[in-house]
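Below, each chain spelled out in residue letters.
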Amino acid sequence: MGSVTNSILSGTSGRTGRVVIANVHGVEVSRARPVMRSSSTEPQTAHRELFRFAVAFLGLYKSFARLFFGKRKGLVTPYNQAQANVLENIQLTGDEVIINYNQVLISKGNLLEMIPESISTGAAQAITVTWINNAPPDSSNENDLCSVFVYMPSRRDGQFFSGVAARQAGSATVNMLPFYAGEEVHVWATFTDEGATAACNSRYMGFTTLT
């Protein structure tokens, strides 16, 4: 026997047999309760590894993606969309996760696009990214803020830098932690507006080695 509760405050929830009823963001959904299995096939094991990797990778800029990766589509949140983007652009080769860096996005939106120019490294693990200032003169886009994400594949670690320079500046410099010296890193950059309500599609800037 199963039971379902329906409350104005809590929404509908409960279970009948293997059918689970839940309230997700105000929408009632039903799912089949998963059945535990004692063994996994190779594709299932690979999928779980890729999923774990995607969650950890996205965790490095999760708060930003929750705000600036498109808009909610029904039950699909910006975070869900960001996670799907990562999963679509990774694959498992042996024990190594291969990333299609050029296709991974850290933000998605309709703000004036970023036109990337270059990346370079300097002393004290500094990374400088440059771009073309394509904002119309005296427009609000001149004050769009650049954010930078740096990822180190050898450590599966990275750093996110929010709002480090205005679009009109044409460049931004960030400093990585000292113990990352000598690491190869991959770099993304994007813009958000001053009110933190919109973003552009991020751009993959390329890779470099920290000095």
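Residues numbered from 1 in each chain as written. Predicted model: local features only at pLDDT ≥ 70, side-chain atom pairs only at ≥ 80, totals over all residues. Heavy atoms only, no water.

J.: Any chance you could break down the overall build of the protein for me, citing the residues and the numbers?
T.: Looking only at helices and strands, one finds three helices and 13 strands in the protein. Taken across its 211 residues, the protein has 38% of its residues classed as buried. Put simply, 58% of the contacts in the protein that link residues at least 6 apart link residues at least 24 apart. Carbon and sulfur atoms form 52% of the exposed surface of the protein, whose accessible area is close to 11900 Å². (Helix = DSSP H or I, 4+ residues; strand = E, 2+ residues; numbered from the N terminus. Buried < 20%, exposed > 50% of the residue type's maximum accessible area, 1.4 Å probe, protein only. Contact = heavy atoms within 4.5 Å. Areas by Shrake-Rupley, 256 points an atom, 1.4 Å probe, with all protein chains shown as cover.)

J.: A description of the pattern of salt bridges should follow, citing residues and the corresponding values.
T.: Using the criterion set out here, one finds four salt bridges in the structure. A salt bridge links D144 to R167; the nearest nitrogen and oxygen atoms lie 2.9 Å apart. Within this pair, whereas D144 is found in the loop between β8 (126-132) and β9 (145-152), its partner R167 is found in the loop between β10 (157-166) and β11 (171-175), the two being separated by 23 residues in sequence. Salt-bridge contacts for E183 lead to R155; the nearest nitrogen and oxygen are separated by 2.7 Å. Here E183, found in the loop between β11 and β12 (184-192), pairs with R155, found in the loop between β9 and β10; they are 28 residues apart in sequence, far enough to count as distant. Relative accessible area serves as the criterion here: at 14%, E183 is assigned to the buried category. (Salt bridge = Lys/Arg side-chain N within 4 Å of Asp/Glu carboxyl O.)

J.: Tell me what's going on with the side chain of D193, and back it up with residues and numbers.
T.: Locating D193 in the fold gives a position in the loop between β12 and β13 (203-209). The buried charged residue D193 lacks any salt bridge, with K71 as its nearest oppositely charged partner at 8.6 Å. If we ignore the near neighbours within four places in the chain, the residues touching D193 are L111, D144 and A198. (Lys, Arg positive; Asp, Glu negative; His and termini not counted.)

J.: Summarise the layout of surface pockets; cite the residues concerned and give the values.
T.: In this structure, the largest pocket encloses a volume near 160 Å³. As for the largest pocket, its lining consists of L67, F68, F69, G70, K71, K108, G109, N110, A196, T197, A198 and A199. The class makeup of the residues in the lining of the largest pocket is six nonpolar, four polar and two charged. (1 Å grid on protein atoms, 1.4 Å probe; cavity = no way out; pocket = protein on both sides within 12 Å on 5 of 7 lines; lining within 4 Å. Points joined across faces, edges and corners; volume = space filled by probe spheres on them. Nonpolar A, V, L, I, M, F, W, Y, C, P; charged D, E, K, R; others polar.)

J.: So, the packing of aromatic side chains: which residues are in play, and what are the values?
T.: Where two aromatic rings form a pair, the distance of their centres and the angle of their planes describe that pair. By the definition in use, this model includes 15 aromatic pairs. Ring centres of F64 and F68 lie 4.9 Å apart, and the angle between their planes is 45°; on these two criteria the pair is classed as tilted. Of the two residues, F64 and F68 both sit in helix α2 (residues 62-68), four residues apart, roughly one turn of that helix. Residue classification places F68 among the buried residues on the basis of a relative accessible area of 7%. Taken together through their ring pairs, the aromatic side chains of F53, F57, Y61, Y101, F149, Y151, W188 and Y204 make up a single cluster. Of note, R66 hangs over the ring of Y79, and the distance from its end group to the ring centre comes to 5.5 Å. Lying over the aromatic face of F191, R167 brings its terminal NZ or CZ to 4.1 Å of the ring centre. (Phe/Tyr/Trp six-rings, centres within 6.5 Å; stacked < 30°, edge-to-face > 60°. Lys NZ or Arg CZ within 6 Å of the ring centre and 35° of its normal.)

J.: How would you explain the sheet that holds strand β7 (residues 115-122) if you had to name every residue and give the values?
T.: Spatial strand order, β7-β8-β11: three strands in an open sheet with antiparallel pairing. Sheet topology places β7 and β11 at the edges, where each strand pairs with a single neighbour. The sheet shows a mean angle of 20° between the axes of neighbouring strands, direction not considered. Relative to β11, β8 runs antiparallel, the two being bridged by five bridges. Bridge pairing in β11 links A126 to N175. (Pairing = 2+ DSSP bridges. Axes fitted to C-alpha atoms, helices over the stretch in contact; angles between N-to-C directions.)

J.: Kindly report on the nonpolar core, identifying the contributing residues and their values.
T.: Ranked by size, the top nonpolar core spans 23 residues in total, and within it I127, V129, V148 and V187 carry the most contacts. At the level of secondary structure, the elements contributing two or more residues to this core comprise β8, β9, β10, β11 and β12. In this structure, V187 is in contact with I119, I127, V129, V148, F149, V150, R203, Y204, M205 and G206, ignoring residues within four places of it in sequence. (Core = buried A, V, L, I, M, F, W, Y, C linked by side-chain atoms within 4.5 Å.)

J.: Go over the sheet that holds β9, please, and point to the residues and values.
T.: Sheets are built from strands that pair by backbone hydrogen bonding, the pairs being arranged parallel or antiparallel. Spatial ordering of the open sheet is given by β10-β9-β12-β13, a layout of four strands whose pairing is antiparallel. Of all strands in the sheet, those with a lone pairing partner are β10 and β13, marking the two edges. Strand-to-strand twist across the sheet, computed as the mean angle between neighbouring axes with direction ignored, equals 20°.

J.: Quick rundown of the pairing of β10? Include the residues and the values.
T.: Remember that side chains alternate between the two faces of the sheet whenever the strand is regular. In terms of strand pairing, β9 meets β10 through seven bridges, oriented antiparallel. Bridge pairing in β10 links V148 to F161. Counting the residues that bridge the hairpin from β9 to β10 gives four residues, and of these R156 lies at a positive phi of roughly 50°.

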